[in-house]
Amino acid sequence: MELTVAQLAKRINAGLAGDAAQLARKIKSVAPIKSANQSNVTFITDDRHKAAITDSKAGAVIVSKSIDGLDMPQLIVNNINKALIEVMKIFAPTIKVQDAGIHPTAIVAKNVKIDKYASIGAYVTIDENVEIGNNSIIGNGCKIGENSKIGMNCRLDSNVVIYHNCSIGNNVIIQANSTIGSAGFGYTFIEGKHCHIPHNGGVIIEDFVEIGANCCVDRAKFDNTIIGAGTKIDNLVQIAHNVVTGKCCLIAGQVGISGSTKLGDGVVLGGQVGLKDNIEIGNGVMVGAGAGVMNNIPDGQKVAWTPAYEWNEAMRIMVYTRRLPEIAEELKQLRNRIKVLEASKDNTK
Amino acid sequence: MELTVAQLAKRINAGLAGDAAQLARKIKSVAPIKSANQSNVTFITDDRHKAAITDSKAGAVIVSKSIDGLDMPQLIVNNINKALIEVMKIFAPTIKVQDAGIHPTAIVAKNVKIDKYASIGAYVTIDENVEIGNNSIIGNGCKIGENSKIGMNCRLDSNVVIYHNCSIGNNVIIQANSTIGSAGFGYTFIEGKHCHIPHNGGVIIEDFVEIGANCCVDRAKFDNTIIGAGTKIDNLVQIAHNVVTGKCCLIAGQVGISGSTKLGDGVVLGGQVGLKDNIEIGNGVMVGAGAGVMNNIPDGQKVAWTPAYEWNEAMRIMVYTRRLPEIAEELKQLRNRIKVLEASKDNTK
Amino acid sequence: MELTVAQLAKRINAGLAGDAAQLARKIKSVAPIKSANQSNVTFITDDRHKAAITDSKAGAVIVSKSIDGLDMPQLIVNNINKALIEVMKIFAPTIKVQDAGIHPTAIVAKNVKIDKYASIGAYVTIDENVEIGNNSIIGNGCKIGENSKIGMNCRLDSNVVIYHNCSIGNNVIIQANSTIGSAGFGYTFIEGKHCHIPHNGGVIIEDFVEIGANCCVDRAKFDNTIIGAGTKIDNLVQIAHNVVTGKCCLIAGQVGISGSTKLGDGVVLGGQVGLKDNIEIGNGVMVGAGAGVMNNIPDGQKVAWTPAYEWNEAMRIMVYTRRLPEIAEELKQLRNRIKVLEASKDNTK
């Protein structure tokens, strides 16, 4: 893909600043300010980056407000983040999309409904009563268990395993080696051994959910484990049985959510966060990376630390924890000063 | 599956309370008190749930002691947890079990012994000298390395990888995308580079072990990494080389156990716990979620926090850590009061 | 494999101590001091193990300095760690190496260059323009995406997924079920939903890198995520988009490195460490297990704790945190003593 600056501006509906020669520059890809060269368009998503632009070797820059005196063609847009995504899509490497249809090596059981525009990759195995919708792409080596449904425009990358009775909505992406619908970790100790509690429930993954690589979403004991619409999940995340997340949550890498915990809408969990079982996390809650949440969190609260406290309290605790050696030293000095006072009091008796 | 309340009681050997019409109700599945409807049986595993039962729409309830004045048929059992598992098995969704025999696409090397009632799925690959016992089910896309043995009644779900020289006992379950027998993380720095120490040992997974999805159990340098009989492991757990766990341990999601660490019997590790290498965890030890254990733990101790301390000590530390800002403030006030005392002493000279 | 002590000494170029009968002993494998028997050679890598050797049943011992009066044949070497690796290689179990050539079930797209001495396993799928070098072994069920290059002497174990536009150097090992080149976790919130930022970059894995099982290395937004030459990565590790690691780093199990963070050369990260995004970790930095690193770390520093502090400071904080209940108690006592002093002062007025 190669576009002139002028052509690119047209494609993303941007205003233009620059002379004719500048607007005729050929752009081949997007790059950050520092590493960009003449054939790259760069971008300013943050005012802090403005200073660096004068030194950039980029062929053009996307801005949300034109910059005076800049010797570089500018594409002026209303929403810089949206424009950046558009431009990155324009210059995305062209990778062959898996062909529609069922690969001859795919093994498909009886009573399976696969839309004719769906694509089933090589060495995929599909059990009975599965449904796969229009435009969905099942990568090589995936396994789809009995009765599971996959909507439209989904993409399951290679070696993803979906167990039975799982429901995947539309426009869902699941990256390689993830597992959906494994039985949850629920045992009862009976007559000297841990007996597994059957997990009769399923998993519901709603529309526009995206799940990273090597993640696990366990099936429910009863009812369903539910990932709410628009929620995005990073790699190596563990979602236990009967968890329910709200809509548009962001769950970073290596997070673990224990059984039956509920998340509201728009919850943001930092990397490696752990949530206890059977708690409720309110709408819009933000949990700082690495925190261990042991209790319910009300709507809108930002928390950090283990156990997790409200953000400002957690920051204060961190500051004072670091000052602990100093506090202990001061305590020692006060003890000595009190001794002196006590001795002096005794003397005055 | 549909049973009347009376039929269900017979199946699980339960006493009955309720009138004829109630005992003739048709039950189709199990559900928790709140979400249950007329065609569900519910259950009271905890006295705390008793209050809710009067409002429940369940068709019947399983109890360990009959409840007076309840307008709902009751199935009275000795062991409520055991009964619940039985009932959940009765109403489990019926999923087709993989056929016995070797799928024509499975690739089986020489000198492999596969019991005729074992089931080898599609696209499985099995290396030389492997043995697979009666009734064991190897899911699609699994790989079993040279000389590895799998006992009876095992279930390996899709895309599990077992390396060479691993020994899996009887009645073992390993869920999808887990890896058993990968080489451990052991390096020696020689002549300017990290050299991998060969891992000549293997892995032994004893009877009735259950391992979740996307777990890793590394092979040993010498001898074997051993998972003791009846131990249950959740998803995304890392078991390093030469770890030995006792019998009937419970290891929750995302736990990491470092090299050569030994666990006694009945150890319980909460989610995201990390254990240092070369330590010994006694029988019956419980480690709270997220704890980092750096030292040996004696039998029966309950620990928490990072680094892990005995439970009550850890709770006390947590309480005082939270009170740190207050402690610092009080220290400041005491300092001022001492200043006043000192000034007054000087004045009285 | 069976060698006499004398033959083994010759193979590893070791000096010998022992009588003729001892040097004729048959050695079949390597074992640690405690579990070794007559047919095992053992070793002393640490002076602390010296005491135990007199009780060992080993057939021979490898030492870096001969031990007087020991009734066991000794193999004396300059570099004990190097010798141990050599001996372990000699006695490694002989496992059949996957045959060179392309397995008939592998599905190879157009314009793929596979060296004739490379080995492509069963049920592997390879997309267009892939290159695979001399002696490299692609395990069963792997998927290699479009344009990706794999150098010489590499080993990808079963079910590894390499996405498109990834570059794997020479002598690289990637263990089972790992995922390289998944799209990173980058979203922008636009018009009420999280929009994924396209990841146009790739992944570069340099020579002699080793990656464990079930790991994830995300592709970059721009440019490349880079794993530096000689870096070794344990299992279940998450490497986010645009991370760059230096050479010869050691990254233990379940570590998470957030987006765009840079590691210098020779960095050592303990198990379950988490690194914030966009920070820089200097050359030779060591991060203790479980630490959460929120800031840049200068070259050569050793850090621990969450948030991570310089090692000695962290240890001091841990000590004082544990003493917190005691500190609070002493504070209470001081308060009482001050009250007494204040009362006494008032009395003297």
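Everything here concerns the structure above.
Residues numbered from 1 in each chain as written. Chains lettered and ligands numbered in written order. Predicted model: local features only at pLDDT ≥ 70, side-chain atom pairs only at ≥ 80, totals over all residues. Heavy atoms only, no water.

### Concerning the relation of the copies chain A and chain C
To go from the first copy of the chain to the second, apply a rotation about an axis and then a shift along the same axis. Note the following rule: C-alpha atoms of residues with pLDDT of at least 70 in both copies form the basis for the least-squares superposition of the copies.
Mapping chain A onto chain C is achieved by rotating through 120° and translating by 0.0 Å along the same axis, at an RMSD of 0.1 Å. Considering both components of the superposition, the chain copies are consistent with a three-fold axis.

### Topic: the sheet that holds strand β37 (residues 292–293) of chain C
Residues and elements named next belong to chain C. In plain terms, the rule: Strand pairing is assigned whenever DSSP identifies at least 2 bridges connecting the two strands. Working definition: helices are DSSP H or I runs of at least four residues, strands are E runs of at least two. Numbering for both runs from the N terminus.
Pairing in this open sheet of ten strands is parallel, and the strands run β9-β12-β15-β18-β21-β26-β29-β31-β34-β37 from one edge to the other. Of all strands in the sheet, those with a lone pairing partner are β9 (107–108) and β37, marking the two edges. Relative to strand β31 (residues 256–257), strand β29 (residues 238–239) runs parallel, the two sharing two bridges. By the bridge assignment, isoleucine 239 is partnered in β31 with isoleucine 257.

### Some thoughts on unusual backbone geometry
Glycine aside, residues mostly have negative phi angles, and peptide bonds mostly take the trans form. Here the amide bond leading from threonine 306 of chain A into proline 307 of chain A is cis, since omega sits at -5°, within 30 degrees of zero. Notably, phenylalanine 208 of chain A is not glycine yet its phi reads approximately 60°, a positive angle. On the secondary structure map, phenylalanine 208 of chain A appears in the loop between β24 (202–205) and β25 (210–211). Although it is not a glycine, glutamate 191 of chain B adopts a positive phi angle of roughly 50°.

### Considering the interface of chain A and chain B
Rule in force here: We call two residues contacting when some pair of their heavy atoms lies within 4.5 Å. Simply put, the buried area is the total loss of 1.4 Å probe accessible area from both parts when two parts are fitted together. What makes a salt bridge here is a side-chain nitrogen of Lys or Arg within 4 Å of a carboxyl oxygen of Asp or Glu, nothing more. For this analysis, a polar contact is any N or O atom pair within 3.5 Å, provided that within protein one partner can donate a hydrogen and the other can accept it, and provided that sequence-adjacent residues contribute only side-chain to side-chain pairs. Only Asp, Glu, Lys and Arg are considered charged, only Ala, Val, Leu, Ile, Met, Phe, Trp, Tyr, Cys and Pro nonpolar, and every remaining residue, Gly among them, polar.
Chain A puts 67 residues into the contact, and the matching count from chain B is 59 residues. Summed over both sides, the interface between chain A and chain B buries roughly 5,100 Å², with carbon and sulfur atoms accounting for 63% of that surface. Of all residues in chain A, the largest losses of buried area upon contact with chain B belong to Phe185, His194 and Phe222 of chain A, amounting jointly to 14% of the total for that side. A salt bridge links glutamate 191 of chain A to lysine 82 of chain B, with the shortest nitrogen-to-oxygen separation between them at 2.9 Å. Taken together, the links from chain A to chain B amount to 29 residue pairs in polar contact (both at pLDDT 80 or more). Among the elements of the structure, β21 (179–182), β22 (187–190), β23 (193–196), β26 (216–218), α5 (311–322) and α6 (324–348) of chain A are those that each provide at least two residues to the side of chain A that touches chain B. The element that contributes the greatest number of residues to the side of chain A that touches chain B is α6 of chain A, accounting for ten residues. Among the residues forming the side of chain A that touches chain B, the class breakdown is 31 nonpolar, 25 polar and eleven charged.

### Looking at the pairing of strand β27 (residues 224–227) of chain A
Residues and elements named next belong to chain A. The condition that has to hold: Exposed residues in this analysis have more than 50% of their type's maximum accessible area, buried residues have under 20%, and partly exposed residues fall in between, with area computed by a 1.4 Å probe over protein chains only.
Judged by which residues are buried, β27 turns out to be one-sided: Thr225 and Ile227 face inward and are buried, whereas Asn224 and Ile226, on the alternate face, are not. Summarising the sheet, β24 and β27 pair through four bridges and their orientation is parallel. Among the inter-strand pairings, glycine 202 is bridged to a residue of β27, identified as asparagine 224.

### Some remarks on helix α4 (residues 80–90) of chain C
Turning to α4 of chain C, its buried residues are Ile80, Ala83, Leu84, Ile85, Val87, Met88 and Ile90 of chain C. At the N-terminal boundary of α4 of chain C, the capping side chain belongs to asparagine 79 of chain C, with an oxygen 3.1 Å from the backbone nitrogen of asparagine 81 of chain C.

### Observations concerning the pairing of strand β22 (residues 187–190) of chain B
Pairing between β22 of chain B and strand β23 (residues 193–196) of chain B: four bridges, direction antiparallel. Across the sheet, the residue bridging to phenylalanine 189 of chain B is histidine 194 of chain B, located in β23 of chain B.

### Notes on the interface of chain A and chain C
If you look at the interface, chain A gives 59 residues, while chain C gives 67 residues. At the boundary of chain A with chain C, total buried surface from both sides reaches about 5,100 Å², with 63% on carbon and sulfur atoms. Inspection of the chain A/chain C interface yields 29 residue pairs in polar contact (both at pLDDT 80 or more). Listed by contribution, the elements that provide at least two residues to the side of chain A that touches chain C are α4 (80–90), β28 (232–233), β30 (250–251), α5 and α6 of chain A. Broken down by element, the residue count for the side of chain A that touches chain C peaks at eleven residues, all from α6 of chain A.

### Considerations on the environment of threonine 231 of chain B
Residues and elements named next belong to chain B. Secondary-structure assignment places threonine 231 in the loop between β27 (224–227) and β28 (232–233). Its relative accessible area of 0% is what places threonine 231 among the buried residues. Sequence-distant contacts of threonine 231, defined by excluding residues within four places in its chain, comprise Phe208, Val209, Glu210, Thr245, Gly246, Lys247, Cys248, Cys249 and Ile251.

### Considering the sheet that holds strand β10 (residues 113–114) of chain C
All names here are of chain C. Taken together, the six strands give an open sheet; going across it, the order is β10-β13-β16-β19-β24-β27, and neighbouring strands pair in parallel fashion. Strands with a single pairing partner mark the edges of an open sheet, and in this sheet they are β10 and β27 (224–227). Where strand β13 (residues 131–132) and strand β16 (residues 149–150) come together, two bridges link them in parallel fashion. Bridge assignment links isoleucine 132 to a residue of β16, and that residue is isoleucine 150.

### Focus on empty space enclosed by the protein
Convention followed: Points on a 1 Å grid over protein atoms alone make up a cavity when a 1.4 Å probe fits among them but cannot get out, and a pocket when they form an open set with protein on both sides within 12 Å along at least five of seven lines; lining residues each have an atom within 4 Å of a point. Grid points are joined across faces, edges and corners, and a volume is the space filled by probe spheres set on the points.
Per the stated rule, a full pass over the model turns up one cavity of 30 Å³ or more. If you add up the space inside the largest cavity, you get close to 160 Å³. If you trace the largest cavity, you find 20 residues lining it, with Gly141 and Asn159 of chain A, Gly141 of chain B together with Gly141 and Asn159 of chain C closest to the centre. Looking at the lining of the largest cavity residue by residue, the classes come out as six nonpolar, twelve polar and two charged.

### Quick word on the pattern of salt bridges
Within the structure shown, the criterion is met by 42 salt bridges over all chains. Where lysine 276 of chain B meets aspartate 277 of chain B, a salt bridge forms, and the shortest distance between an N and an O atom there is 3.9 Å.

### Points about the packing of aromatic side chains
Note the threshold: Stacked, tilted and edge-to-face are the three classes assigned to paired rings of Phe, Tyr and Trp, where Trp is represented by its six-membered ring and a pair needs centres within 6.5 Å; plane angles under 30 degrees give stacked, over 60 edge-to-face, the rest tilted. Two thresholds decide whether a charge sits over a ring: the Lys NZ or Arg CZ must be within 6 Å of the ring centre and within 35 degrees of the ring normal.
Considering all chains together, one arrives at nine aromatic pairs over all chains under this definition. Taking the centre distance of 4.6 Å and the plane angle of 70° together, the rings of tyrosine 123 of chain B and tyrosine 123 of chain C count as edge-to-face. Of this pair, tyrosine 123 of chain B sits in the loop between β11 (119–120) and β12 (125–126) while tyrosine 123 of chain C sits in the loop between β11 (119–120) and β12 (125–126), on two different chains. The buried category is assigned to tyrosine 123 of chain C, whose relative accessible area is 9%. Connected via pairs of aromatic rings, a cluster forms that spans Tyr123 of chain A, Tyr123 of chain B together with Tyr123 of chain C. The ring of tryptophan 311 of chain A carries lysine 302 of chain A above its face, with NZ or CZ at 4.2 Å from the centroid.

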